[in-house]
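# Inside the fold
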Amino acid sequence: MEIFINVILPIPLEKHFTYRISENEASQLKLGMRVAVPFGKTKLYTALVVELHNRPPLVYEAKAIHDILDEEPIVTSIQLKHWQWIADYYMCTLGEVFRSAIPSALLLESETLILPNKDAIIDEDQLKDDDFLVYEALKYQNILHVNDIMEIVEKKNILPILNRLIKINAIVLKEEIHEQYKPKMVRYVRLGQRYNSEVELEVLLNSLTRAPKQSQVVLSLFHLQATKKKPIKLNELEIESKSSRAVIRALINKEVLEEYFIQTDRVVFSGGKELEPPKELNEYQVKALNTIRQSFNKNKVTLLKGVTSSGKTEVYVQLIEECLSEGKQALYLVPEIAITTQLISRLQEYFGSAISVFHSKYNMQEKVEVWKNVLNNKSKAQLIIGARSALFLPFANLGLIIIDEEHETSFKQYDPAPRYHARDAAIVLGGLFNCNVLLGSATPSIESYNNAQTTKYGYAQIDRRFGNVLMPDIELVDIKEQHRKKRMKGHFSERLLEEITETLDQGEQVILFQNRRGYAPILECTTCGHSPQCPNCDVSLTYHMQRKQLRCHYCGHHIAIPNNCLACGSNTLDTKGFGTEQVEQELNTIFPSAKVGRMDLDSTRGKHAHAKIIHAFENQEMDILVGTQMLTKGLDFRNVNLVGIMNADALLNFPDFRAHERTYQLLTQVAGRAGRTKKRGKVIIQTYNPYHQILKQVTTGDYEGMFREQLYEREQYKYPPINRIIRISFKHKEYNKLNEASAWFAKALHNASEIKVLGPEFPPVARIRNQYLKHVLIKIPKGVPLQKTKKNIKRIQNSFDAVSQFKGVRIIYNVDYM
Ligand code: ADP
Ligand code: ZN
Ligand code: ZN
């Protein structure tokens, strides 16, 4: 009987693909192993085996596989179930999940591959437009084929582009098919076999009396072996014997010494210190911990709402310790790993080398190492800290998942597919392992708090800051009035300046928040009103003072700052609005002796840039730190006593149904950076709208009030958590084609079901990179089965795909869009 395998290919196919295998191959293959398979005329892919069977495919002749790539499965059966759930729920293909779940180094492919050089620090300004497009695409995809690149830049001759990118070290090329993963090998030395006998050894030492340098090396090796009783590294010997590599090399050539290699892991911590016992919890923490434990007995998913600096992390530490002591693995998800250096070093004090960090900025080899350690349940992979993609690791035995700052929207993947929410996907993963899941936040999402209220989740809370430090004193400052009274200096109110002066006088630090980078969003001509637009996107160019450029934040297009209006030629150009760069500049004029730092996307491009800024601020090398929302995420600075919000209104007015909830969360989180140790912190919020309900709720810490009002609004307008939403986006470079296609689709949705269909509508930025964009939003009431609705949508898409005039229109599903 013939034997077949079904595999997942790392491409967006709706179905599994079937290949033929021999009996010999069948005896070696297990589910979850990789095979190299031919596909189409010339392609070769890495595929994942998900089924062995005897059913030949009906519509095509099954091809033979090329190779079996693993000796043991590298993907577990739980992972396969989890991936299937993600594909079904988020309306994408298993291939897309496979591709993004597995480190790209484990995806062998044919043809020339273009990989990003993750270690390079690239000045994006210097890139030509085409180069930038390729560079940007590689941020999301890790590997591109030559064909992909031709498509991206819409050109046949892409060699000049690749050459330029290679020259600046931005990319790496791989020609042949091979395993990309190479474990890091370390060079060791020992005495040659022959000299194991004492007689031979004596002869050797005598013979070396005429070569004092070589003799020194051999004696040093003896010394090291006697004192260390461990394998001796070549470079250790080099240092100990104070001799050159050449001398050692000569001894190796004479076979006096023998070199050998041991595979080591790259991901090592500098630790070696004694571990700290967990801190003793205070009464509020103990109470929360007990509530959580009880709740885990009946409700696997539990929400911990604890005000900023209440000591949630210490509660997590207790739970992690319990989990590890039962011999199970724990997963600690954070919204953004790059800015969690503080958290990681804190957890290392307790758990030392049991921690593995899964980091998007790690190179491919490092990721594979974490993958394999987690799979094999190694002692160094007991506590895994990572951002959303850590969810895809091959856990052997998961006992606990912690999702810190669960309200953060960066848990939702935006692009490419799978567009999953890491919190929700983690809860499903927790279900598959039957393990405990704890969500933590000072400002839970409306969804999660609602789930706790309706007892779908368990619930615990901590209302006090650790050490009984008071919650910061929050003051609203009316800048409309301040402007009227001419009390503003630049973008600073008198009150804010007073507080900054006082804080600096006391030797304390200040954080200033402005959620816009650059100098000013818009450069405008006061004569004719013209402001320069991006030629590729429907958006004004942002003014960047330091680089002397106008830049598009969507596509990277930029021009030098013009001296005269491009429309009417007058020189009456002025900026509108302001960003972090301008705040920084004003501070330098108003407080010339203060040291000012800035943390935003522009100042944190390199691999360690975040950590450096955080470290410098911690060490008080800066007095004032100006930043965007990067500042909000769980930073714990000891000496910050003042937080200033430059302008709360832009947040409130953002066109999105979650804008108010987010403003509450963002402001409360930034405010929470003030006064975390002894003294009560101070927060100044500047606004044109001091009577806005959300701002009042922030001032009084009235989360409950905010929740009730927002939930009421969501009920009125049928948004989550009352309804489910799916956003369907349409993209094409022809305006008319896009309009027709999206209208056709929306109408079909209307006719097909009882769901509510909004749009198609253009978003505020309706064209990005010369592609027009339109959205349809569907709202699905709780009672309507989601799977059925999704099936309907897919059916409509099938008909849509058959309409020749809509060819080339891209459709993107975003389930639970946020
Ligand atoms: P949260 O995560 O709730 O914002 P943290 O866990 O960062 O709060 O705690 C705030 C500060 O209080 C930290 O510096 C932490 O070390 C300290 N802390 C919290 N709990 C304890 C405890 N039980 N004993 C000693 N220090 C604690
Ligand atoms: Zn003009
Ligand atoms: Zn643009």
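Residues numbered from 1 in each chain as written. Chains lettered and ligands numbered in written order. Predicted model: local features only at pLDDT ≥ 70, side-chain atom pairs only at ≥ 80, totals over all residues. Heavy atoms only, no water.

Moving on, we get to the packing of helix H22 (residues 659–671) against helix H24 (residues 703–717). The contact between H22 and H24 brings their axes to 10 Å, and the two run at 165°. In terms of orientation, H22 lies roughly antiparallel with respect to H24. Viewed along their axes, H22 and H24 form a crossing whose handedness is left-handed. Of the residues in H24, those touching H22 at His-660, Glu-661 and Tyr-664 are Tyr-703, Met-706, Gln-710 and Arg-714. In the contact of H22 with H24, the residues fall into three nonpolar, two polar and two charged. (Axes fitted to C-alpha atoms, helices over the stretch in contact; angles between N-to-C directions. Helix = DSSP H or I, 4+ residues; strand = E, 2+ residues; numbered from the N terminus. Parallel < 35°, antiparallel > 145°, perpendicular 65-115°, else oblique. Left-handed = near helix turned anticlockwise from the far one by under 90°. Contact = heavy atoms within 4.5 Å. Nonpolar A, V, L, I, M, F, W, Y, C, P; charged D, E, K, R; others polar.)

With 12 residues, helix H15 (residues 422–433) extends 16 Å between its outermost C-alpha atoms, agreeing within 8% with the 16 Å of an ideal straight helix rising 1.5 Å per residue. Buried-residue contacts for H15 involve helix H2 (77–89), strand S13 (301–306), strand S14 (329–333), strand S17 (398–404), strand S18 (436–441) and helix H16 (446–453). Two residues or fewer after H15 comes Asn-434, characterised by a positive phi angle close to 50°. (Expected span 1.5 Å × (residues − 1).)

With that settled, consider the environment of Lys-682. Relative to the helices and strands, Lys-682 is located in strand S30 (residues 682–687). Between the alpha carbons of Lys-682 and Val-510 there is a distance of 9.8 Å; along the sequence they are 172 residues apart. Each residue touching Lys-682, except ones within four places of it in the same chain, is listed here: Asp-473, Glu-475, Arg-495, Glu-499, Asn-641, Leu-642, Val-643 and Ala-674. Only 2.7 Å separates the side chain of Lys-682 from the side chain of Glu-475, close enough to count as a polar contact. (Polar contact = N/O pair within 3.5 Å; in protein donor to acceptor, adjacent residues only side chain to side chain.)

The next point concerns the pairing of strand S3 (residues 34–39). Counting buried positions along S3 yields six of six residues, so the element is predominantly enclosed. Along S3, one buried face is formed by Arg-34, Ala-36 and Pro-38 and the opposite face, lined by Val-35, Val-37 and Phe-39, is buried too. When S3 meets strand S4 (residues 43–53), the two strands line up antiparallel, connected through six bridges. Counterpart to Arg-34 in the pairing with S4 is Leu-48. Two strands pair when backbone bridges link them, and S3 and strand S6 (residues 67–68) are joined in this way by two bridges, in the antiparallel orientation. (Buried < 20%, exposed > 50% of the residue type's maximum accessible area, 1.4 Å probe, protein only. Pairing = 2+ DSSP bridges.)

In this section: the environment of Lys-747. Within the fold, Lys-747 resides in helix H25 (residues 735–752). For the pair Lys-747 and Leu-251, spaced 496 residues apart in sequence, the C-alpha separation works out to 81 Å.

Turning our eyes to something else, we now look at the sheet that holds strand S25 (residues 558–560). Judged by pairing direction, the sheet is antiparallel, and its three strands sit side by side in the order S23-S24-S25 without closing on themselves. Only two strands of the sheet have a single neighbouring strand rather than two, namely strand S23 (542–544) and S25. Geometrically, the sheet is characterised by an average inter-axis angle of 25° between neighbouring strands, direction not taken into account. Of the strand pairs in this sheet, S23 and strand S24 (residues 549–551) are connected by three bridges, and their pairing is antiparallel.

Donor atoms from the polypeptide that coordinate the zinc ion (ligand 3) comprise Cys-534 (SG), Cys-537 (SG), Cys-552 (SG) and Cys-555 (SG), at 2.2 to 2.3 Å from the metal. What the four donor atoms of the zinc ion (ligand 3) show is an angle range of 101 to 113° at the metal, which sorts the shape as tetrahedral. Written as a sequence motif, the donor arrangement for the zinc ion (ligand 3) is C-x2-C-x14-C-x2-C. With a gap of 15 residues between them, Cys-537 in the loop between strand S22 (522–525) and S23 and Cys-552 in the loop between S24 and S25 connect regions that are remote in the sequence. A relative accessible area of 1% means that Cys-537 is categorised as buried. (Donors = N, O, S within 2.8 Å, 3.2 Å for Na, K, Ca; no water. Tetrahedral: all angles 85-135°; square planar, octahedral: opposite > 155°, others 65-115°.)

Let's shift gears to the coordination of the zinc ion (ligand 2). Taken together, the protein ligands of the zinc ion (ligand 2) are Cys-525 (SG), Cys-528 (SG), Cys-565 (SG) and Cys-568 (SG), with distances of 2.3 to 2.4 Å. Given four donor atoms and angles of 106 to 112° at the metal, the environment of the zinc ion (ligand 2) is assigned as tetrahedral. Summarised as a motif, the one-chain spacing of the donors to the zinc ion (ligand 2) is C-x2-C-x36-C-x2-C. Taken together, the positions of Cys-528 in the loop between S22 and S23 and Cys-568 in the loop between S25 and strand S26 (573–576) put the pair 40 residues apart, joining distant regions of the chain.

What follows covers the side chain of Ser-243. Turning to its location among the elements, Ser-243 is positioned in the loop between helix H9 (234–240) and helix H10 (245–253). Classification of Ser-243 by relative accessible area gives buried; the value is 14%. Side-chain polar atoms of Ser-243 contact the side chain of Ser-241, separated by 2.6 Å. If sequence neighbours within four positions are ignored, Ser-243 has contacts with Val-217, Glu-238 and Ile-248.

Take the pairing of strand S29 (residues 640–645) next. Of all six residues making up S29, six are buried, and the element is well covered by its neighbours. In the sheet, strand S21 (residues 509–513) pairs with S29 via five bridges, with the strands oriented parallel. Across the sheet, Ile-511 pairs through a bridge with Val-643, a residue of S29. Taken together, the four bridges between S29 and S30 define a ladder with parallel strand orientation. When the bridges of S30 are listed, Leu-642 appears paired with Lys-682.

Here the focus is the sheet that holds strand S19 (residues 458–462). Taken together, the seven strands give an open sheet; going across it, the order is S15-S16-S14-S17-S18-S13-S19, and neighbouring strands pair in parallel fashion. Each of the sheet's edge strands pairs with one partner strand only, and the pair in question is strand S15 (355–358) and S19. On average, adjacent strands in this sheet sit at an angle of 20° to one another, irrespective of strand direction. Pairing of S14 with S17, which is carried by five bridges, proceeds in the parallel orientation. If you follow Leu-333 over to S17, its bridge partner there is Ile-403.

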